[in-house]
Amino acid sequence: MPLLDAQDVHGGYGSMNILNGVDLAIEAHEIGVIVGPNGAGKSTMLKAIFGLLQVSQGSIRLRGEDITNVAPNKLVQMGMGFVPQEYNIFPSLTVQENLEMGAYIKPRPHTRLLDHVFELFPPLVEKRRQPAGELSGGQRQMVAMGRALMTEPGLLLMDEPTAGLSPLFMNEIFTRIKEINAAGVGILMVEQNAKQALGIADKGFVLAAGQNRFTDTGQNLLNDPEVARSFLGG
Amino acid sequence: MNELVFFINNVVVSGTVSSSIYAMGAIGVTLVFSIMRFAHFAHADMMTLGAFFVLGLTMLFPEVGVAVGLPSALILMPIAMVLTAIVAVGIDRAFYKPLRDHNVKPIVLVIGSLGVTLMLQGLIRLFAGTGSRSLYIAERKDIFRLELPGELATRPIVITEPQIILFFCTVGAVVALHWFLTRSRLGKAMRAMSDNPDLARVSGINTNTVIAVTWMIAGALATAAGTLLSLDVVLKPDLSFFLLLPIFAAAIVGGVGHPYGAIAGGFVVGFAETLAVFNWAVLLRPFQDMLPAGWELPTYLAFVGTEYKITVPFFILVAILVWRPTGLFKGKVL
Ligand SMILES: Nc1ncnc2c1ncn2[C@@H]1O[C@H](COP(=O)(O)OP(=O)(O)O)[C@@H](O)[C@H]1O
Ligand SMILES: [Mg+2]
């Protein structure tokens, strides 16, 4: 049974339809990567999966259970985590408070979960009492990912986790993502940095105009000349 | 020395009194804004409503305070705080939530809250009439006169019982609020939702719970402020008319969405008002003897007359919106 199975998803903002039948599925322990041009509806698809906008048609299942239009706080309880593309931290809360908010639904104390995140992102340890809004871009991204990991999700959705980061930080984040996945967390992420992302992807989805254009393993998409020509910049 | 006593009575004491009332009201306004992003105009009427709940309870049980030597109204205030908290949540469910669910613009909620203002004022008049009422029913207001030692001061510093209670209630409320916002799970969730409501939802925070708790705190604080003000002065259905402007001025001066700013803003507005209507001529009186014969010092020297006190928060409001719209503490722009 797939970890996540979305079929023929339609939806958008208010009456404006952005998604016109998107299919995607990943198995447990896999990394799925969504690529595609700007405005293709990649972020919209993640929001639709996470119950942040109304799905008007189609179905989304988590381990076989229907989660179409289920509220985000319920999905968190069902073991899903989401790192939005922007505004993904609480700027006036300290780093530690940000992480605690991630574990909101978990019984306290959160010491073990906090230690786990600090192990994954050591630079956050000495910043733990600092407001997250004062951190550098790369460290903010660590806070954002750490917050989502605090619930120990089985499926983590990430929207452009490396956007705006220097190449050094970018590699750092990719390494962390592989580590998180190796620990058994299924990952579905949107990436601008398509080649590198498809390189670590088990499944790849190329979206354009709210529909799948190509769906295959990451490696096959990388090798497909047509995908390369139209979506990976040659 | 008498001049100093006059200053203490008319500025220090009465400034602290109005500042505390404004601060407690402004905290509610600022919390509601930070969570729901709209200016809740019915807030001052929640203060009146809470005080009227206290009046009703005190009429039912006028003697409860006698045994402990405190005003019955004060003993019954916590019950009224709970009642008002429930009403506040009910008003939200009935009037504001349907609007929120339709994703309306904040201004629609503001207009909705004007409707709630009119409704509350009508209901209060319907059940309690239009007259002024005292919250002291079975007892008399204690007034403390502190005689200063020495020959020079012949007049006492005058503080009333409700003023002392008000001061301690405000300090208690501020300490409790600080603890709540920085230590408790729900308080942190409230700050998180104020920072970023979508991310709060994504983190599994039940935003409906946070909204309900916000209304409970706002309603409870409004009741405390309204009751203590009415104990000190008098309770009337149009109390809110004199509270609305200073409370909003306080919230905006402090930086909207900033609870500590609201407290500071309450004190800025409260003391500005008091200092503006204070008769400064009194402080000049001792110097009369030094002047040559025939020179008279004015007997009345205030920035504005007492009856125009309400213009002071208005000017503060305009000034802050023109020069520093984020308020003293960098809040959100209304
Ligand atoms: N909050 C919103 N309200 C209305 N339209 C939006 C909103 N967010 C995105 N859109 C529109 O939806 C389309 C898809 O956007 P998005 O999913 O963010 O694309 P991307 O694939 O670049 O992530 C775009 O045309 C965008 O203008
Ligand atoms: Mg996007």
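Parameters and conventions
Residues numbered from 1 in each chain as written. Chains lettered and ligands numbered in written order. Predicted model: local features only at pLDDT ≥ 70, side-chain atom pairs only at ≥ 80, totals over all residues. Heavy atoms only, no water. Near = heavy atom within 4 Å. Polar contact = N/O pair within 3.5 Å; in protein donor to acceptor, adjacent residues only side chain to side chain. Areas by Shrake-Rupley, 256 points an atom, 1.4 Å probe, with all protein chains shown as cover. Helix = DSSP H or I, 4+ residues; strand = E, 2+ residues; numbered from the N terminus. pLDDT = per-residue confidence, 0-100. Pairing = 2+ DSSP bridges. Axes fitted to C-alpha atoms, helices over the stretch in contact; angles between N-to-C directions. Contact = heavy atoms within 4.5 Å. Buried area = accessible area lost by both parts, 1.4 Å probe. Salt bridge = Lys/Arg side-chain N within 4 Å of Asp/Glu carboxyl O. Nonpolar A, V, L, I, M, F, W, Y, C, P; charged D, E, K, R; others polar. Donors = N, O, S within 2.8 Å, 3.2 Å for Na, K, Ca; no water. Parallel < 35°, antiparallel > 145°, perpendicular 65-115°, else oblique. Left-handed = near helix turned anticlockwise from the far one by under 90°.

All names here are of chain A. The environment of ligand 1 is made up of Y13, M16, I18, P37, N38, G39, A40, G41, K42, S43 and T44. A distance of 3.3 Å is found between a nitrogen atom of ligand 1 and a side-chain nitrogen or oxygen belonging to Y13. Between ligand 1 and S43, the relevant distance is 2.7 Å, taken from an oxygen atom to a side-chain nitrogen or oxygen of the residue. Notes on ligand 1: free accessible area 550 Å², of which the protein chains cover 60%. Mapped by element, the contributors of at least two residues to the shell around ligand 1 are β2 (16-26) and α1 (42-49). Top contributing element to the shell around ligand 1 by residue count: α1, with three residues.

Before going further, it helps to spend a moment on the confidence of the model for chain B. Within chain B, residue pLDDT values average 91, and 99% of them lie at 70 or more. Both confidence scores are given for the complex: pTM 0.89, ipTM 0.89.

With that settled, consider the sheet that holds strand β3 (residues 31-35) of chain A. Residue and element names in this part refer to chain A. Strand order in the open sheet made by the six strands is β6-β7-β8-β3-β9-β10, with mixed pairing throughout. In this open sheet, the two edge strands, each paired with only one partner strand, are β6 (80-83) and β10 (211-217). Direction aside, neighbouring strands of the sheet carry axes that sit 15 degrees apart on average. The pairing of strand β7 (residues 155-159) with strand β8 (residues 186-190) spans five bridges and is parallel. Opposite L156, over in β8, you have I187 as the bridge partner. Against the sheet, α1 engages β3, β6, β7, β8 and β9 (203-208), with an angle of about 150 degrees to β7. Across the sheet, helix α6 (residues 167-182) touches β3, β7 and β8, and the angle it forms with β8 is around 150 degrees.

Looking now at the interface of chain A and chain B. At the interface, 22 residues of chain A touch 18 residues of chain B. Summed over both sides, the interface between chain A and chain B buries roughly 1900 Å², with carbon and sulfur atoms accounting for 55% of that surface. Ranking the residues of chain A by area buried against chain B places F90(A), M101(A) and Y104(A) at the top, with a combined share of 35%. Close ionic contact of K188(B) with E100(A) constitutes a salt bridge, the shortest N to O distance being 2.5 Å. Where chain A meets chain B, there are six residue pairs in polar contact (both at pLDDT 80 or more). If you list the elements that add at least two residues to the side of chain A that touches chain B, you get α2 (72-77) and α3 (95-102) of chain A. When residues in the side of chain A that touches chain B are grouped by element, the largest group, four residues, is from α3(A). For the side of chain A that touches chain B, the per-class residue count stands at 14 nonpolar, four polar and four charged.

What follows deals with the side chain of N73(A). Among the secondary structure elements, N73(A) is positioned in helix α2. Leaving out residues up to four positions away in the same chain, N73(A) has contacts with R201(B), G204(B), I205(B) and N206(B).

Moving on to the coordination of the magnesium ion (ligand 2). Looking at the magnesium ion (ligand 2), one finds its protein donor set to be S43(A) (OG) and Q85(A) (OE1), positioned 2.0 to 2.4 Å from the metal centre. One end of the pair, S43(A), is in helix α1; the other, Q85(A), is in the loop between β6 and α3, and 42 residues separate them in sequence.

With that settled, the discussion passes to the packing of helix α3 (residues 72-101) of chain B against helix α8 (residues 207-232) of chain B. Residue and element names in this part refer to chain B. The interhelical angle for the contact between α3 and α8, taken along N-to-C directions, is 135 degrees, at an axis separation of 7 Å. Relative to α8, α3 is oriented oblique. Note that α3 runs across α8; the crossing there is right-handed. Residue composition of the contact of α3 with α8, by class: 17 nonpolar, five polar and four charged.

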